[in-house]
Amino acid sequence: MARKKIREYDSKSLLKQNLKRLANIELPICSAQVTKSTDFTELLDKEKWLSARRLVVKPDMLFGKRGKSGLVALNLDFAEVIQFVKKRLGQEIEIEGCKGPITTFIIEPFIPHKEEYYFAIDSERLGCTISFSECGGVEIEEYWDKVNSIFLPTDSPLTNETIAPLIAGLPLEIHGKISDFMKGVFAVFQDLDFSFIEMNPFTLVDGEPYPLDMRGEVDENAGFKNEEKWGNLEFPHPFGRIPSPEESFIHDLNEKTSASLKFTLLNPKGRIWNMIAGGGASLIYTDTVGDLGYAAELGNYTEYGGPSEEEMLKLARVILDCATANPDGRKRALLVGGNIANLTDVGATFDGIIRALKEKKSELREANIHIYVRRGGPNYQTGLAKMQAVGEELGVPVEVYGPEAIMTGICNRAIEGI
């Protein structure tokens, strides 16, 4: 499961759209998103409620404790909201050691309330943990001992009887509404492949549950079956993480293909670079380099699965451009390959890598790159032979290993080499 955080605006939009369909619950949520491209006149024309109600505005940036950080404004009119946003949009702030600009806000109606409840669903390997507390709000950590939780095994229904111990302390007259709401949210959680939902707090408006603040995560790997339900769902980078041009290029390439192409630039001055197939193998290579004490030298994290030769060529170009930038005379290692493939034609995949290596012949020499290859799977002998031959053609040291060599051993050879 690849858990991906989504914005509060998207979490609430998905909840509102699907609660009615799955549980016949009409959630009277109104929300509007603001970025640097927002035209406030057009926004007001589209969302008439903005001029008719008192408002709340806050960053929608995947970080918490916004109220404690002075980033939430309450009970404003629309003109005051505009002033608040313009003063802070693009401003760099620091949250728990992470710095970054504020790029996105969410605007909602201001809801006077008394009750503040906490509710969360967290997916785990064998089921879900469901939590509830009567003491929700910004001080939830101080009252964590009052959060009640149950574990619901996979494929078990969430029933009134299951929920009863969680809400036993609430007045009996609201048990039905709260229970129905929790079951409805759980139905949305399952149907849309959420991996995490947290409402802190939710309250009652005219006797009906209403989430004031909401966090959501979805299982990115379930995107293939949720395309229509999710719509154009955005997966923002974590706060403080601004993608490099190279990362943005591979991200866009990944969005246009059925293959999987991932690239994260960790240290532009690193001396160990990865071009690894498969998420599992990529994690093993990365963790092994770290375990051997060279995490600070890792230049990148990369994983790929099922690319065409052209897609592999483009990914390899990016990695080689980064790995050969700013040569300083010291040796650098490039790890190529991965585990034993089941379906991927290793020879065809290596064709794209070899084309990129030939294009970067002079840069590889100047950067003193040493290449370490380990791979198995369909047509792997052909692929390894091609890699051995290209090393001789380029005049670059290349060590080639098949599935008889262990992956962690190749990492150790590379570290010894540099």
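Small disclaimer: the values here were computed from a predicted structure and weren't measured.

(A) Representation of the overall build of the chain within the structure. Assigned secondary structure in the chain consists of 13 helices and 19 strands. With respect to the principal axes defined by its C-alpha atoms, the chain has extents near 80 × 50 × 40 Å. Of the contacts formed within the chain by residues at least 6 apart in sequence, a portion of 70% connects residues at least 24 apart. When the accessible surface of the chain is summed, it comes to about 20,100 Å², and 49% of that surface belongs to carbon and sulfur atoms.

(B) Quick look at the pairing of strand β17 (residues 332-340). Of all 9 residues in β17, 7 are buried, a share of seventy percent or more. Pairing analysis gives 6 bridges linking strand β15 (residues 272-277) to β17, with the strands arranged parallel. By the bridge assignment, Ala 277 is partnered in β17 with Gly 338. In the sheet, β17 pairs with strand β18 (residues 369-376) via 7 bridges, with the strands oriented parallel. Looking at the pairing, Val 336 lines up with Val 373 of β18.

(C) Seen up close, the packing of helix α8 (residues 279-291) against helix α13 (residues 407-417). Two elements in contact, α8 and α13, have axes separated by 9 Å at closest approach and are oriented at 45°. Taken together, the axes of α8 and α13 lie oblique to each other. For the pair α8 and α13, the sense of crossing is right-handed. Within the contact between the two elements, α8 uses Ala 281, Ile 284, Tyr 285, Thr 288 and Val 289 and α13 uses Met 407, Thr 408, Cys 411 and Ile 415. Taken together, the residues of the contact of α8 with α13 sort by class into 7 nonpolar, 2 polar and no charged.

(D) Quick look at the sheet that holds strand β4 (residues 73-76). Spatially, β2-β7-β3-β4 is the arrangement adopted by the 4 strands of the open sheet, whose pairing is antiparallel. A strand with exactly one partner marks an edge of an open sheet, and here the two such strands are β2 (32-34) and β4. Within the sheet, the average angular offset between the axes of one strand and its neighbour, ignoring direction, is 25°. Here strand β3 (residues 55-59) pairs with β4 via 2 bridges, running antiparallel. Within the sheet, the bridge partner assigned to Leu 55 lies in β4 and is Leu 76.

(E) Seen up close, the UniProt feature "domain: ATP-citrate synthase ATP-grasp" (unreviewed entry) in the chain. In the UniProt entry, the feature "domain: ATP-citrate synthase ATP-grasp" (unreviewed entry) is given for residues 2-230. Helix makes up 26% of residues 2-230 and strand 31%, whereas the separation of the span's terminal C-alpha atoms amounts to 16 Å.

(F) How the structure looks around the packing of aromatic side chains. Within this structure, the stated rule accounts for 12 aromatic pairs. Ring geometry for Phe 40 versus Phe 78: centroids 6.2 Å apart, planes at 65°, classification edge-to-face. Here Phe 40 is found in helix α2 (residues 40-46), whereas its partner Phe 78 is found in helix α3 (residues 78-88), with 38 residues between them in sequence. Like Phe 40, the residue Phe 78 is buried in the burial classification. Members of the aromatic cluster, each reached through a chain of ring pairs, are Tyr 117, Phe 119, Phe 132, Phe 181 and Phe 202. One cation-aromatic arrangement involves Arg 88 over Phe 84; the distance from NZ or CZ to the ring centre is 3.7 Å.

(G) Expanded view of the domain arrangement of the chain. You can read the domains of the chain as domain 1 (3-28 + 114-230), domain 2 (32-109) and domain 3 (245-417). Between domain 1 and domain 3, the C-alpha centre-to-centre distance is 42 Å.

(H) Examining the pairing of β3 more closely. Within β3, 5 of the 5 residues are buried, which leaves it mostly tucked inside the rest of the structure. By the alternation rule, side chains of β3 split into Leu 55, Val 57 and Pro 59 and Val 56 and Lys 58, which are all buried. Of the pairings in the sheet, the one linking β3 to strand β7 (residues 105-109) comprises 5 bridges and is antiparallel in character. Following the sheet pairing, Leu 55 is matched in β7 by Pro 109.

(I) Region of interest: the packing of helix α1 (residues 8-23) against helix α5 (residues 175-191). Running from N to C, α1 and α5 point in directions that differ by 105°, and their axes come no closer than 9 Å. Here α1 is positioned roughly perpendicular relative to α5, judged by the angle of their axes. Here α1 contributes Leu 14, Leu 15, Asn 18, Leu 19, Arg 21, Leu 22 and Ala 23 to the contact with α5, which in turn contributes Phe 181, Gly 184, Val 185, Ala 187, Val 188 and Asp 191.

(J) Main features of the nonpolar core. Ile 130, Phe 132, Ile 178, Met 182, Phe 194 and Met 199 are the most contacted members of the largest nonpolar core, which has 41 residues in total. Looking at this core, the elements with two or more residues in it are α1, β8 (117-124), β9 (127-133), β10 (148-153), α5, β11 (194-205) and β13 (214-219). When residues of this core are assigned to their parent elements, the largest contribution, 7 residues, is made by α5. The contacts of Phe 132, once residues within four sequence positions are left out, are Tyr 117, Tyr 118, Lys 146, Val 147, Asn 148, Leu 166, Ile 167, Leu 170, Ile 178, Met 182 and Phe 202. One finds Leu 253, Trp 273, Val 318 and Ile 371 within the second-largest nonpolar core, a separate group that totals 37 residues.

About the cut-offs
- Residues numbered from 1 in each chain as written.
- Predicted model: local features only at pLDDT ≥ 70, side-chain atom pairs only at ≥ 80, totals over all residues.
- Heavy atoms only, no water.
- Helix = DSSP H or I, 4+ residues; strand = E, 2+ residues; numbered from the N terminus.
- Contact = heavy atoms within 4.5 Å.
- Areas by Shrake-Rupley, 256 points an atom, 1.4 Å probe, with all protein chains shown as cover.
- Buried < 20%, exposed > 50% of the residue type's maximum accessible area, 1.4 Å probe, protein only.
- Pairing = 2+ DSSP bridges.
- Axes fitted to C-alpha atoms, helices over the stretch in contact; angles between N-to-C directions.
- Parallel < 35°, antiparallel > 145°, perpendicular 65-115°, else oblique.
- Left-handed = near helix turned anticlockwise from the far one by under 90°.
- Nonpolar A, V, L, I, M, F, W, Y, C, P; charged D, E, K, R; others polar.
- UniProt positions renumbered as here; feature names shortened; annotations may be inferred.
- Phe/Tyr/Trp six-rings, centres within 6.5 Å; stacked < 30°, edge-to-face > 60°.
- Lys NZ or Arg CZ within 6 Å of the ring centre and 35° of its normal.
- Domains from an automatic or database assignment.
- Core = buried A, V, L, I, M, F, W, Y, C linked by side-chain atoms within 4.5 Å.

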